[in-house]
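The primary structure of each chain is shown beneath.
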Amino acid sequence: MAAKEFIVAIELGSSKMTGIAGKKNLDGSITVLAVVKEDSSTFIRKGVIYNIDKTALCISNIVKKLTTILKANISQVYVGVGGQSIRSIKNVIIKNLPADTIVTQEMVNELMDANRNMSYQDQEILDAATQEYKVDNQYQMDPVGIPCARLEGNFLNILWRKMFYRNLNKCFDLAGVAIAEMYLAPLALADSVLTDAERRSGCALVDLGADTTTVSVYYKNILRHLAVIPLGSNNVTKDIATLQMEEKTAEEMKLKYASAWTDNGEIDNSLMLNIDSDRSVESRKFIEIVEGRIEEVIENVWYQVPSEYADRLLGGIILTGGGSNMRDIETAFRNHTHIDKIRIAKTITQSITTKDADINAQNGMMNTVLGLLAKGDMNCAGEEVDPNKDLFAEQKPASATTADIHREPRKPTEIGKGIVMTEAEKKAEEDRIRAEEAEAEARRLEAEAEAARLAEEEKKKDGGIGKILGKAKEIFKKLIAEDE
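Basis of the calculations
- Starting afresh in each chain, residues are numbered from 1 along the sequence in its written order.
- The predicted origin of the model limits local features to residues at a pLDDT of at least 70 and limits the giving and counting of side-chain atom pairs to 80 or more, whereas totals for whole chains, interfaces and linings rest on all residues.
- For side-chain calculations, the full set of non-hydrogen atoms in the structure is used, while hydrogens and water are omitted.
- Numbering of helices and strands runs from the N terminus; a helix is a DSSP stretch of H or I covering at least four residues, while a strand is a stretch of E covering at least two.
- For the radius of gyration, the atoms used are the C-alpha atoms, and the globule rule reads 2.2 Å times the number of residues raised to 0.38.
- In what follows, residue pairs with any heavy atoms lying within 4.5 Å of each other are defined as contacts.
- For every accessible area listed, the method is Shrake-Rupley and the probe measures 1.4 Å; residues are considered covered only by the protein chains on display.
- Under the counting rule used here, the positive set is Lys and Arg, the negative set is Asp and Glu, and His together with the chain ends is not counted.
- All charge positions are set by atom: Lys at NZ, Arg at CZ, Asp at CG, Glu at CD.
- Burial classification: accessible surface area is computed with a 1.4 Å probe over protein chains only, and a residue below 20% of its type maximum counts as buried, one above 50% as exposed, and the rest as partly exposed.
- Strands are labelled as partners when DSSP assigns at least two bridges between them.
- To define axes, lines are fitted to C-alpha atoms, for helices over the stretch in contact only, and angles between the resulting N-to-C directions are given on a 0 to 180 degree scale.
- An expected span of 1.5 Å times one less than the residue number is assigned to each helix.
- Definition of a polar contact: a pair of N or O atoms within 3.5 Å, with one able to donate and the other able to accept a hydrogen when the atoms are protein atoms, and with sequence-neighbouring residues admitted only if both atoms are side-chain atoms.
- Each pair of aromatic rings taken from Phe, Tyr and Trp, with Trp reduced to its six-membered ring, is defined by centres within 6.5 Å and is described as stacked if the planes are under 30 degrees apart, edge-to-face if over 60, and tilted in the remaining cases.
- Any Lys NZ or Arg CZ that is within 6 Å of a ring centre and within 35 degrees of that ring's normal is treated as a charge sitting over the ring.
- The term salt bridge refers to a pairing of a side-chain nitrogen on Lys or Arg with a carboxyl oxygen on Asp or Glu at a separation within 4 Å.
- The distinction between a cavity and a pocket rests on a 1 Å grid over the protein atoms alone: a 1.4 Å probe fits inside a cavity but cannot get out, while a pocket stays open yet meets protein on both sides within 12 Å along at least five of seven lines, and a residue with an atom within 4 Å of a point counts as lining.
- Grid points are joined across faces, edges and corners, and a volume is the space filled by probe spheres set on the points.
- Throughout this entry, Asp, Glu, Lys and Arg are counted as charged residues, while Ala, Val, Leu, Ile, Met, Phe, Trp, Tyr, Cys and Pro are counted as nonpolar. The remaining residues, Gly among them, count as polar.
- Any angle that falls under 35 degrees is termed roughly parallel, while one over 145 is termed roughly antiparallel, one within 65 to 115 roughly perpendicular, and all others oblique.
- In this scheme, a crossing is called left-handed if the near helix is turned counterclockwise away from the far one by less than a right angle; it is called right-handed if the turn is clockwise.

## Some details on the overall build of the protein
A tally of helices and strands in the protein yields 14 helices and 22 strands. Relative to a compact globule of 484 residues, whose C-alpha radius of gyration would be 23 Å, the protein shows 31 Å and is clearly more extended. For the protein, the spread of C-alpha atoms along the three principal axes comes to 140 × 60 × 45 Å. Of all intrachain contacts in the protein linking residues separated by at least 6 positions in sequence, the fraction that spans at least 24 positions is 70%. Of the roughly 25000 Å² of accessible surface on the protein, a fraction of 50% belongs to carbon and sulfur atoms. Side chains of the protein give 62 positive and 76 negative charges; the mean places of these two sets differ by 2 Å.

## Quick notes on the environment of lysine 477
With respect to the helices, strands and loops of the structure, lysine 477 is situated in helix H14 (residues 423-483). On the basis of relative accessibility, which here comes to 61%, the residue lysine 477 falls in the exposed class. Separated by 247 residues in the primary sequence, lysine 477 and proline 230 place their C-alpha atoms 96 Å from one another.

## A short note on the pairing of strand S12 (residues 179-184)
Most of S12 sits inside the fold, with 6 of its 6 residues counted as buried. Inspection of the sheet shows strand S7 (residues 77-81) paired to S12 by 5 bridges, in the parallel sense. Following the sheet pairing, valine 79 is matched in S12 by methionine 182. Examined bridge by bridge, S12 and strand S22 (residues 419-420) share 2 bridges and lie antiparallel to one another. If you follow tyrosine 183 over to S22, its bridge partner there is isoleucine 419.

## Topic: the sheet that holds S7
Read across the open sheet, the 7 strands follow the order S20-S3-S2-S1-S7-S12-S22; overall the sheet is mixed. Lying at the two open borders of the sheet, with one neighbouring strand each, are strand S20 (352-353) and S22. The strands touched by helix H4 (residues 185-193) within the sheet are S7 and S12, with S12 carrying the most contacts at an inclination of about 80°.

## Some remarks on the environment of histidine 336
Relative to the helices and strands, histidine 336 is located in helix H10 (residues 329-337). According to the relative accessible area criterion, histidine 336 is partly exposed, its value standing at 27%. If we ignore the near neighbours within four places in the chain, the residues touching histidine 336 are Trp261, Glu295 and Ile298.

## Structural notes on helix H1 (residues 52-70)
Taking 1.5 Å of rise per residue, the 19 residues of H1 would be expected to cover 27 Å, and the 27 Å separating its terminal C-alpha atoms lies within 8% of that figure. Every buried residue of H1 is accounted for by Thr55, Ala56, Cys58, Ile59, Ser60, Ile62, Val63, Lys64, Leu66, Thr67 and Leu70. Sitting at the amino-terminal end of H1 is asparagine 51, which places a side-chain oxygen 3.2 Å from the backbone nitrogen of aspartate 53. Positive backbone phi, approximately 60°, marks lysine 71, located one or two places after H1.

## Quick look at the packing of aromatic side chains
Counted under the stated rule, the structure contains 6 aromatic pairs. An angle of 25° between the planes, with centres 6.4 Å apart, marks the rings of tyrosine 78 and tyrosine 183 as stacked. Remark: tyrosine 183 occurs in strand S12 and tyrosine 78 occurs in strand S7; sequence separation between them is 105 residues. Neither tyrosine 78 nor tyrosine 183 differs from the other in exposure class; each is buried. Centre to centre, the rings of tyrosine 133 and phenylalanine 155 are 6.2 Å apart; their planes meet at 90°, and the pair counts as edge-to-face. In this pair, tyrosine 133 sits in strand S9 (residues 123-135) while phenylalanine 155 sits in strand S11 (residues 147-161), placing the two residues 22 residues apart along the sequence. Comparing tyrosine 133 with phenylalanine 155 shows no difference in burial state: the two are buried. An aromatic cluster of at least three residues, connected via ring pairs, comprises Tyr50, Trp160 and Phe164. Between the NZ or CZ atom of arginine 45 and the centre of the ring of tyrosine 50, over which it lies, the distance is 4.1 Å.

## Focus on the pattern of salt bridges
Going through the model one piece at a time under the given rule, you end up with 21 salt bridges. We note a salt bridge from glutamate 296 to arginine 293, for which the minimum N-O separation is 2.6 Å. With a gap of 3 residues between them, glutamate 296 and arginine 293 both fall in helix H8 (residues 283-303), about one helical turn apart. Exposure remark for glutamate 296: the relative accessible area of 32% places this residue in the partly exposed category. For arginine 293, a relative accessible area of 18% puts it in the buried group. Note that arginine 444 is salt-bridged to glutamate 448, the shortest N-O span being 2.3 Å. Here the residue arginine 444 and the residue glutamate 448 both occupy positions in helix H14, the gap between them amounting to 4 residues, near one helical turn.

## What about empty space enclosed by the protein?
All told, the structure shown has 2 cavities of 30 Å³ or more when counted by the stated rule. One number sums up the size of the second largest cavity: a volume of about 40 Å³. Lys346, Thr347, Asp358, Ile359, Gln362, Asn363, Gly364, Met365, Met366, Asn367 and Leu370 together form the lining of the second largest cavity. Mapped by element, the contributors of at least two residues to the lining of the second largest cavity are helix H11 (357-360) and helix H12 (367-375). Taken together, the residues of the lining of the second largest cavity sort by class into 4 nonpolar, 5 polar and 2 charged.

## Considerations on the packing of helix H6 (residues 233-241) against H8
Contact geometry of H6 with H8 gives a least axis separation of 9 Å together with a crossing angle of 150°. Judged on the interaxial angle alone, H8 and H6 are roughly antiparallel. For the pair H6 and H8, the crossing hand works out as right-handed. Residues Asn235, Val236, Asp239 and Ile240 of H6 pack against Phe286, Ile289, Val290, Arg293 and Ile294 of H8. Across the contact of H6 with H8, the residue classes tally to 6 nonpolar, 1 polar and 2 charged.

Here it is as structure tokens:
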């Protein structure tokens, strides 16, 4: 029987692309209905799309396979945005006002719009996280209704290279798959693995992926910093492969022997680790290779924590992702960062019901796509599929395109919280701004024309009065001359 209501999310990872379908229950739990994975290592590197055609084909294949399992067409999907070059940058917008002006929501919206319209070379603003507002000399989270003479908005703009952003949108357009919503994957992940206490008291969320490591710093429930480091667990595998072995063998050895931290006194200098039936490697050499790379990753993670928050992480460091499964990873982070409170987020906070072995393994590798699924609130189910029709022969196009879904631009207050506007939305927003500018220009020209007309009328009036006065003066002069 075809599923009538479900949510679909797709995560574009460096090693695999994952599609997931599930439904939310009344008690807040999630039932996963289907999971599909496709290898993406040949066209996505460090979370970034490099081959548009192959990526579009992979997206199409995932949607087709999910459609087969669900026995229903998929009308739209939720998408996670992440990968190399994502970074955050602070920005301040100031608005000077007459004394004792009461701040309105419109004024706040103007600050948001001004921040959103900031231009960064080759960079696209994916999201703008409001830090706080400064009303005269006091910081406020909600300045509306407060009288002041100076309003300052502090924002954290999250940027990504324009080329990467456009490639992502283009792939879904080519695949004929409509985007219900795009979310910043690190923020969707944070919402699903962090506790309220951790976000409030200050914490660093570290997602140890295959090709990248993402660092998100929170304090007082606000995202303070976001960065993606181009280092991941695959770098450990490649380092091991320098011991004259194939990467497949190196990966197997990493999973079997690797530890993020080993006490020097516990290393057996005589121990040899077997590579294959003919070769082996010294245990100490293997440990030094693994720990050297892990130390580099941790140092880069800690470098990304802003100095003003380094001693405020009372919530500690939360590790997740595939790399968090390495033995003694907590000890390695504790020793290099001197943060005692380390937690590994094996799964998301929502209750999950599923038969999928990878999700039930609770190893942190499915947390991001589950976080995206948890964000969904629109039904992605389309029409029921004809069981006699070959889905792979011809895919029924989505009932609506991304441009149809996002025809109307959002209000400033509707943007944020990890939501990334699609290219269709940005176009709608640009069209709206151009229309408003054209309308303002038309009003200006009309006002100038009206002012010119009134000036001409005044001139004519002044000219008529001048003539009358001139004649009066001539008559007066004649009268005086006659009297004399």
